Amino acid sequence: MENGIKRWHIFRLPGSLVSLKIPVAALLVLFGVIPMILCTQVLIGALRQSQTDARMVEVQNQCQILSSKMTRAGYLRGDARDGTMDSEIQAMADVYNGRIVVVNRDFRIVQDTFHIAERRFLVAEEVVRCFQGESSSKYNKEKHYFAQAVPIYDNTPVKGIEGVLVITASTEGIMTLMDAVYDKVLFMQLLMILILLLAAAAVVNILLRPFRELQKKLNQVAAGALDTDIRTKGYKEIREISHAVGNTISKLREVDQSRQEFVSNVSHELKTPITSIRVLADSLMGMEEVPVQLYREFMEDISDEIDREGKIIDDLLALVKMDKSEAEINLSQVDIVTLVKQILKRLRPIANRRKVELILESIRGVTADVDEMKLSLAISNLVENAIKYNSADGWVRVTVDADHKFFYIKVADSGIGIPEEEQDRIFERFYRVDKARSRQTGGSGLGLAITRRVVLMHKGAIRLSSKEGEGSTFTLRIPLNYIA
Ligand code: ADP
């Protein structure tokens with residue numbers, strides 16, 4: 001916060017940002033627009049071809065009919081020069097928008113519907129071939145016309161070929177028709193593409209709606225509203241994603257909560273001894289002519305409080321150090337029974353003060369590969385707890401045992417016990433069953449957390465069995481040889 005203005009840290013995403021709209025549009029073009037254009041091109045081409053083919057077949061049939069008529073009328077021999085046949089030829093040329101030329105056996109043009117080549121000769125390849133009995137049909141794609149040659153037989157029983165009917169007709173009409181159809185189809189196509197694009201935009205919009213909704217909620221979370229319900233309805237995928245993110249957020253929330261709790265616990269724990277010291281010091285200063293004995297007593301209390309503060313700080317530092325992933329373990333061969341004996345010797349004065357009996361039961365001698373300092377801390381915590389949460393005239397029994405793989409340290413007490421429902425939680429940092437009693441006894445609330453951490457560092461296990469009012473038994477099982 002600066003000048004009352006909250007500064008947000010905006011994290012920019014790396015790389016280019018491609019919207020989902022782009023691949024969707026690309027897919028649409030790939031599978032919608034391109035096939036549509038190709039399809040119409042192919043269809044129009046096929047239609048144009050079939051129209052031309054049909055026209056050519058039709059013209060050929062008509063030519064054949066005309067040729068037969070000419071045969072019957074003896075046209076080339078001049079039997080029917082009354083003009084009926086000529087006008088029929090002219091009519092046909094007009095119908096097909098073309099030109100008909102009739103060539104006689106001398107290759108001379110006897111009839112030309114354009115009236116420009118009569119009496120001239122036409123010795124084209126098609127005509128020659130036609131005289132040999134081969135009809136021909138040719139299409140010129142570039143100039144849009146076709147030419148056909150049909151033989152005209154004579155009407156004698158011998159049926160010789162006495163002439164050739166050559167027709168050239170334009171397909172321009174078909175082309176114009178096809179172009180008109182193509183223009184209409186193109187217009188329809190453009191309309192379809194436009195509709196398709198609009199539909200795609202709408203679809204993408206609808207498809208992306210749940211994502212936008214999720215993003216909005218995530219932004220709220222990022223802005224600090226960790227309680228936002230980010231479950232998003234919609235497709236299966238988005239529901240799964242929002243669930244997964246939701247789970248992550250609730251984990252983060254838990255971490256955040258436990259961090260807050262931890263910080264407030266730490267502050268509270270650190271403040272308590274300081275408050276006591278302040279009260280003790282203030283009351284000393286408030287008194288006049290204090291006897292030396294009272295001074296000494298007050299100073300002893302102050303010293304105890306300082307010790308307590310120191311213990312909390314030590315515990316915290318120990319835990320934080322061990323929580324690091326690269327926490328070190330200093331292994332050495334340690335005589336476990338001797339280690340336990342030293343711990344009990346150190347704690348005996350406290351036990352005596354509380355009238356608790358300390359018993360050591362060593363079933364067999366054990367030497368193991370352990371971190372002496374850390375293990376000592378772990379066992380001390382268990383024995384201290386067993387003394388603290390005990391009743392007057394109670395006992396604490398520490399048993400050391402081993403098999404071929406593990407050694408076992410059992411710390412049993414005749415104390416107040418731990419309710420069943422709390423047993424899983426007491427290993428958490430600062431978790432206490434009876435908060436008042438724990439503080440009063442000088443507990444930092446970190447002892448069991450440290451013990452568990454140490455055991456896990458040694459690849460061991462810790463087990464608790466307890467009954468409220470009857471006592472508790474903590475058992476450590478640790479490998480004799482450290483497993484890397
Ligand atoms: P503390 O410093 O409060 O003792 P610990 O982490 O060592 O913290 O223990 C956590 C809590 O577990 C204690 O506050 C206490 O309520 C409970 N507890 C631990 N050991 C025993 C025991 N031997 N008997 C009964 N309760 C116990």
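Scroll up for the structure.
Presented here is a report on the structure given in the accompanying data block.

Cut-offs used in this document
- Residues numbered from 1 in each chain as written.
- Predicted model: local features only at pLDDT ≥ 70, side-chain atom pairs only at ≥ 80, totals over all residues.
- Heavy atoms only, no water.
- Pairing = 2+ DSSP bridges.
- Helix = DSSP H or I, 4+ residues; strand = E, 2+ residues; numbered from the N terminus.
- Axes fitted to C-alpha atoms, helices over the stretch in contact; angles between N-to-C directions.
- Contact = heavy atoms within 4.5 Å.
- Patch = residues over 30% accessible without salt bridge, like charges linked within 9 Å, V, L, I, M, F, W, Y side chains within 5 Å.
- Areas by Shrake-Rupley, 256 points an atom, 1.4 Å probe, with all protein chains shown as cover.
- Salt bridge = Lys/Arg side-chain N within 4 Å of Asp/Glu carboxyl O.
- Lys, Arg positive; Asp, Glu negative; His and termini not counted.
- Charge placed at Lys NZ, Arg CZ, Asp CG, Glu CD.
- Buried < 20%, exposed > 50% of the residue type's maximum accessible area, 1.4 Å probe, protein only.
- Phe/Tyr/Trp six-rings, centres within 6.5 Å; stacked < 30°, edge-to-face > 60°.
- Lys NZ or Arg CZ within 6 Å of the ring centre and 35° of its normal.
- Parallel < 35°, antiparallel > 145°, perpendicular 65-115°, else oblique.
- Nonpolar A, V, L, I, M, F, W, Y, C, P; charged D, E, K, R; others polar.

### What to know about the sheet that holds strand E7 (residues 357-362)
- Taken in spatial order, the 5 strands make up an open sheet running E7-E9-E10-E12-E11, and their pairing is mixed. For this open sheet the edge positions go to E7 and strand E11 (461-467), each flanked by a neighbour on one side alone. Strand-to-strand twist of the sheet, defined as the mean angle between neighbouring strand axes without regard to direction, takes the value 10°.
- Relative to strand E12 (residues 471-479), E11 runs antiparallel, the two being bridged by 7 bridges. Its bridge partner lying in E12, Ser 466 is registered against Ser 472.
- Taken strand by strand, helix H8 (residues 372-388) contacts E7, strand E9 (395-402), strand E10 (406-413) and E12, and its axis lies near 20° from that of E10.
- Across the sheet, helix H10 (residues 447-457) is in contact with E11 and E12; its angle to E11 comes to roughly 140°.

### Comments concerning a positive patch on the surface
- A contiguous patch of positive charge on the surface is contributed by Lys 405, Lys 410, Arg 463 and Arg 477.
- Its location among the elements puts Lys 405 in the loop between E9 and E10.

### Topic: the environment of Val 164
- With respect to the helices, strands and loops of the structure, Val 164 is situated in strand E5 (residues 161-170).
- Using a relative accessible area of 0% as the deciding quantity, one classes Val 164 as buried.
- Linking Val 164 and Asp 335, residues 171 residues apart in sequence, is a C-alpha distance of 127 Å.
- Residues within four places of Val 164 in sequence aside, it is in contact with Val 101, Val 102, Val 103, Val 127, Cys 130, Phe 131, Ala 149, Val 150, Pro 151 and Ile 152.

### Re the side chain of Thr 451
- For Thr 451, the location among the structural elements is in helix H10.
- Take Thr 451: its relative accessible area is 0%, and that puts it in the buried class.
- Not counting the four nearest positions on each side in its chain, Thr 451 is found in contact with Ala 378, Asn 381, Leu 382, Ile 462 and Leu 476.

### Topic: the packing of aromatic side chains
- One pass over the structure, following the stated rule, counts 3 aromatic pairs.
- Their ring planes at 75° and their centres at 5.2 Å tell us that Phe 107 and Phe 131 sit as a pair that is edge-to-face. Residue Phe 107 is found in the loop between strand E1 (98-104) and strand E2 (109-112), and its partner Phe 131 is found in helix H3 (residues 125-131); the two are separated by 24 residues along the sequence.
- Residue class for Phe 107 comes out partly exposed when judged on its relative accessible area of 22%.
- On the basis of relative accessible area, Phe 131 is assigned to the buried category, the value being 17%.
- Their ring planes at 55° and their centres at 6.5 Å tell us that Phe 406 and Tyr 408 sit as a pair that is tilted.
- The lysine or arginine in question, Arg 397, covers the ring of Trp 395, its NZ or CZ lying 5.1 Å from the ring centre.

### Let's talk about the packing of helix H4 (residues 172-222) against helix H5 (residues 236-286)
- As a packed pair, H4 and H5 sit with axes 11 Å apart at the nearest point and diverge in direction by 10°. As judged from the angle between their axes, H4 and H5 are roughly parallel. Every residue of H5 that contacts H4 at Pro 210, Phe 211, Leu 214, Leu 218 and Val 221 is listed here: Ile 238, Ile 241, Ser 242, Val 245 and Ile 249.
- Residue composition of the contact of H4 with H5, by class: 9 nonpolar, 1 polar and no charged.

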